[in-house]
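Secondary and tertiary structure notes
Given next are the chains, with one letter for each unit.
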Amino acid sequence: MIENFFADYKKFIVEPEDEKRVADVYDPKNYAAFYILTLSIFDSRLSTWKDASKFEIDVEKSIKTVLKDFNHKQREKYHLQLLELDKFKNYFILALSSKNKFNPEEDKERIAYIIDHILTNPFYVGQGWFNLIGEKGKVARKLFCCSFKEYVLGDQNQTEKYENISELIPKNGEIKLIKSALKKDIL
């Protein structure tokens, strides 16, 4: 081999992109479908999230850590956001945004795959949530029970338009005219 073969190697250096420099900014316009997920622990040993402190688990911190990692790794496909976590309840609520719209027949399977195969292991092993489930859950290696509903953004202006309908009703009792006018506006 010739010793000076790679003499001009400096022209070919490409610095690796630092993964932390990539901004994970959530913009709903970049997503096609949205789902509201309600997750609870399968075969739970907890009655409320407050009881997780017995197992030295900070539930809120754990969820935020896992979601941050999930959103970074899945930024080309999905985004998860914590909507509700009440320490006096035994479930939490997430918003799932997907770049692609799921077919109605496959949405249950796709969401189950995300929960059971992508999200469970970071909670189960990474955050020590295996301590939160009983023997039945450990044998099944199932951490979450999940229910979901597709989130469809409605026409918000219409609900605001008729919020205080009592101001529209005249004092002299001409209610029939107003009802028909409202029906026309709604249709």
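Structure: see above.
Rules of the game
Residues numbered from 1 in each chain as written. Predicted model: local features only at pLDDT ≥ 70, side-chain atom pairs only at ≥ 80, totals over all residues. Heavy atoms only, no water. Helix = DSSP H or I, 4+ residues; strand = E, 2+ residues; numbered from the N terminus. Buried < 20%, exposed > 50% of the residue type's maximum accessible area, 1.4 Å probe, protein only. Contact = heavy atoms within 4.5 Å. Areas by Shrake-Rupley, 256 points an atom, 1.4 Å probe, with all protein chains shown as cover. Expected span 1.5 Å × (residues − 1). Core = buried A, V, L, I, M, F, W, Y, C linked by side-chain atoms within 4.5 Å. Phe/Tyr/Trp six-rings, centres within 6.5 Å; stacked < 30°, edge-to-face > 60°. Lys NZ or Arg CZ within 6 Å of the ring centre and 35° of its normal. Patch = residues over 30% accessible without salt bridge, like charges linked within 9 Å, V, L, I, M, F, W, Y side chains within 5 Å. Salt bridge = Lys/Arg side-chain N within 4 Å of Asp/Glu carboxyl O.

1. Comments concerning the overall build of the protein
- Helix and strand content of the protein: five helices and four strands.
- Walking the protein from its N terminus toward its C terminus, one meets helices and strands in the order β-α-β-β-α-α-β-α-α.
- The 187 residues of the protein split such that 28% are buried.
- Sequence separation of at least 24 residues holds for 69% of the intrachain contacts in the protein that already meet a minimum separation of 6.
- Accessible surface, the protein: about 13,900 Å² in total, of which carbon and sulfur atoms supply 52%.

2. With respect to helix α1 (residues 59-73)
- Compared with an ideal rise of 1.5 Å per residue, which puts 15 residues at 21 Å, α1 spans 21 Å between its outermost C-alpha atoms and is within 8% of the ideal.
- Along α1, the positions that sit buried rather than exposed are V59, S62, I63, V66, L67, F70, N71 and H72.
- Packed against the buried residues of α1 are β2 (78-85), β3 (91-98) and α2 (107-126).

3. Overview of the nonpolar core
- In terms of nonpolar packing, the biggest core is built from 31 residues, with L37, W129 and F144 touching the most fellow members.
- No other element matches the six residues that α2 contributes to this core.
- Contact partners of W129, with chain neighbours within four places excluded, come to I41, W49, I57, V59, S62, I63, F92, F123, Y124, L143 and F144.

4. Some words on α2
- Over its 20 residues, α2 extends 27 Å from the first C-alpha to the last, a length consistent with the 28 Å expected when each residue adds 1.5 Å.
- When we look at burial in α2, the residues that qualify are D107, I111, I114, I115, L119, T120, F123 and Y124.
- Buried residues belonging to α2 abut β1 (33-41), α1, β2, β3, α3 (135-140) and β4 (144-150).

5. Structural notes on the packing of aromatic side chains
- Summed over all chains, the structure comprises 13 aromatic pairs.
- Members of the aromatic cluster, joined through ring pairs, are W49, F92, F123, W129 and F144.
- Just above the ring of Y31 sits the side chain of K99; from NZ or CZ to the centre is 4.8 Å.
- Sitting over the ring of F42, K142 keeps its end group 5.6 Å from the ring centre.

6. Focus on the side chain of T120
- By secondary structure assignment, the location of T120 is in helix α2.
- We classify T120 as buried; its relative accessible area is 7%.
- Excluding residues that lie within four positions of it along the chain, T120 makes contacts with I115, L143 and F144.

7. Remarks on a nonpolar patch on the surface
- On the surface, I2, F5, F6, Y9 and I13 cluster together to form a nonpolar patch covering roughly 610 Å² of accessible area.
- Inspection of the secondary structure puts I2 in the segment before β1.

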